[in-house]
Amino acid sequence: MAPQGSPRQAGQAIRHPALAMLRGAAAAAVVVGVNAAAIATVAAGLEGLWGALLGLLMVMVFSGLGLYALHLSRRASPTAQLGIAMASYTGRIAVFGGLLAVALNSESLAANVNLTALGISAMVVVMGWMAGEIWAWSRLRVPIYDLDHEVTA
């Protein structure tokens, strides 16, 4: 509740929804990633742990960059935001695919990291990230329209 004498702008319930979604998604991804790392360690030893942690790191960096790009474009028009989101997604998938191709063909990485644990943990962490993002979005107070005047209550 706003104190008397400090009017709120209508439609300003959440100033930075992308950052709120980033926090929710990151928390869920870390929980899922730590569990995946524990399972991978039991299943494949130290190489499994490194693979799972690398998968967690890759997903968090690439998915986090996408939400951060949306946060930076928050003042742009909806059409521009859609373009930024699509370009960000396309670029992240291209870079992620390139890094994955390098990882799969790297003998030194394969000697120290269990690539199966990397792949499985990355998929599981992506699902956790998406679930956390959806959970965080469902709790945001995003108005469906924006009033151009101040609300005093």
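As shown above, the structure is provided for reference.
Summary of the structure given here. Per chain, residue numbering runs from 1 following the sequence as it is written. Side-chain atom pairs in this predicted model are given and counted only at pLDDT of 80 or more, local residue features only at pLDDT of at least 70, and totals for whole chains, interfaces and linings cover all residues. The side-chain numbers reported here are obtained from all heavy atoms of the structure, hydrogens and water having been left aside.

**Some details on the overall build of the chain**
The condition is simple: In this description a helix means any DSSP run of H or I spanning at least four residues, a strand means any run of E spanning at least two, and both kinds are numbered starting from the N terminus. Summary of the burial criterion: residues with accessible area below 20% of their type's maximum are buried, those above 50% are exposed, and those between are partly exposed, where the area comes from a 1.4 Å probe applied to protein chains only. Contacts are residue-level and defined by heavy atoms, with any inter-residue pair within 4.5 Å sufficient. Accessible areas in this description were obtained via Shrake-Rupley with a 1.4 Å probe; residue shielding takes into account the shown protein chains only.
Each helix and strand in the chain was counted, giving four helices and two strands. Counted from the first residue to the last, the chain has its helices and strands arranged as β-α-α-α-α-β. A burial count over the chain gives 27% of its 153 residues as buried. Of the contacts made within the chain by residues no fewer than 6 positions apart, 80% connect residues no fewer than 24 positions apart. Roughly 9900 Å² of accessible area belongs to the chain as shown, and the carbon and sulfur atoms make up 68% of that amount.

**A word on the packing of aromatic side chains**
Rules: When two rings of Phe, Tyr or Trp (its six-membered ring) have centres within 6.5 Å they constitute a pair, described as stacked for plane angles under 30 degrees, edge-to-face for angles over 60, and tilted for the intermediate range.
Applying the stated rule across the entire model yields one aromatic pair. Seen in terms of ring centroids, Phe 62 and Phe 96 are 5.4 Å apart; in terms of plane orientation they differ by 80 degrees. Their pairing is edge-to-face. Linking Phe 62 in helix α1 (residues 17-72) with Phe 96 in helix α2 (residues 78-104), this pair joins segments that are 34 residues apart in sequence. Among the residues examined, Phe 62 registers a relative accessible area of 13% and is labelled buried.

**Examining the nonpolar core**
As a reminder of what qualifies: Only buried residues count toward a nonpolar core, which is a set of Ala, Val, Leu, Ile, Met, Phe, Trp, Tyr and Cys residues joined through side-chain atoms within 4.5 Å.
Core analysis: the biggest nonpolar cluster contains 13 residues, and Met 21, Ala 29, Val 59, Leu 67, Val 125, Trp 129 and Leu 140 have the highest contact counts within it. Those elements giving two or more residues to this core turn out to be α1 and α4 (115-138). Per-element tally for this core: the top contributor is α1, with eight residues. Look past the residues within four positions of Val 125 in its chain and what remains in contact with it is Ala 29, Val 32, Gly 33, Leu 56 and Val 59.

**Thoughts on α4**
Heads up, the rule is: One less than the number of residues in a helix, times 1.5 Å, gives the span that helix is expected to have. For this analysis, a polar contact is any N or O atom pair within 3.5 Å, provided that within protein one partner can donate a hydrogen and the other can accept it, and provided that sequence-adjacent residues contribute only side-chain to side-chain pairs.
When the terminal C-alpha atoms of α4 are compared, their 34 Å separation across 24 residues agrees well with the 34 Å that a helix rising 1.5 Å per residue should span. Turning to α4, the residues buried within the fold contact α1 and α2. You can read the cap of α4 off the contacts: a side-chain oxygen lies 2.9 Å from the backbone nitrogen of Thr 116, and it is on Asn 114.

**Some details on the side chain of Ser 121**
Within the element layout of this structure, Ser 121 appears in helix α4. Here the side chain of Ser 121 touches Leu 118 through a polar contact of 3.2 Å, landing on its backbone oxygen. For Ser 121, the contacting residues outside a window of four places in its chain are Ala 36, Gly 51, Ala 52 and Gly 55.

**Some words on the environment of Ala 110**
With respect to the element layout, Ala 110 can be found in helix α3 (residues 107-112). In this structure, the C-alpha to C-alpha distance between Ala 110 and Gly 51, residues 59 residues apart in sequence, is 9.4 Å.

**A short note on the packing of α1 against α4**
Formally: Whenever a helix is involved, its axis is fitted only over the stretch in contact; in every case the axis is a line through C-alpha atoms, and angles between N-to-C directions fall within 0 to 180 degrees. The cut-offs work like this: below 35 degrees is roughly parallel, past 145 is roughly antiparallel, 65 to 115 is roughly perpendicular, and the gaps in between are oblique.
The geometry of α1 relative to α4 is characterised by a closest axis approach of 10 Å and an angle of 150 degrees between their N-to-C directions. Between α1 and α4, the crossing angle belongs to the class labelled roughly antiparallel.

**Describing the packing of α1 against α2**
Here is the rule we go by: In this scheme, a crossing is called left-handed if the near helix is turned counterclockwise away from the far one by less than a right angle; it is called right-handed if the turn is clockwise. Under the scheme applied, nonpolar residues are Ala, Val, Leu, Ile, Met, Phe, Trp, Tyr, Cys and Pro; charged residues are Asp, Glu, Lys and Arg; polar residues are all the others, including Gly.
Interaxial distance between α1 and α2 falls to 9 Å at its minimum, and their mutual angle equals 165 degrees. Taken as axis vectors, α1 and α2 run roughly antiparallel relative to one another. The crossing of α1 and α2 is right-handed. Residues Met 58, Phe 62, Ser 63, Leu 65, Gly 66, Ala 69 and Leu 70 of α1 form the contact with α2, whose own contacting residues are Gln 81, Ile 84, Ala 85, Ser 88, Arg 92, Val 95, Phe 96 and Leu 99. When its residues are assigned to classes, the contact of α1 with α2 shows 10 nonpolar, four polar and one charged.

**Overview of the side chain of Ser 106**
Turning to its location among the elements, Ser 106 is positioned in the loop between α2 and α3. A residue is classified by how much of its surface remains accessible, and Ser 106, at 19% relative accessible area, is buried. Side-chain polar atoms of Ser 106 contact the backbone nitrogen of Leu 109, separated by 3.2 Å.

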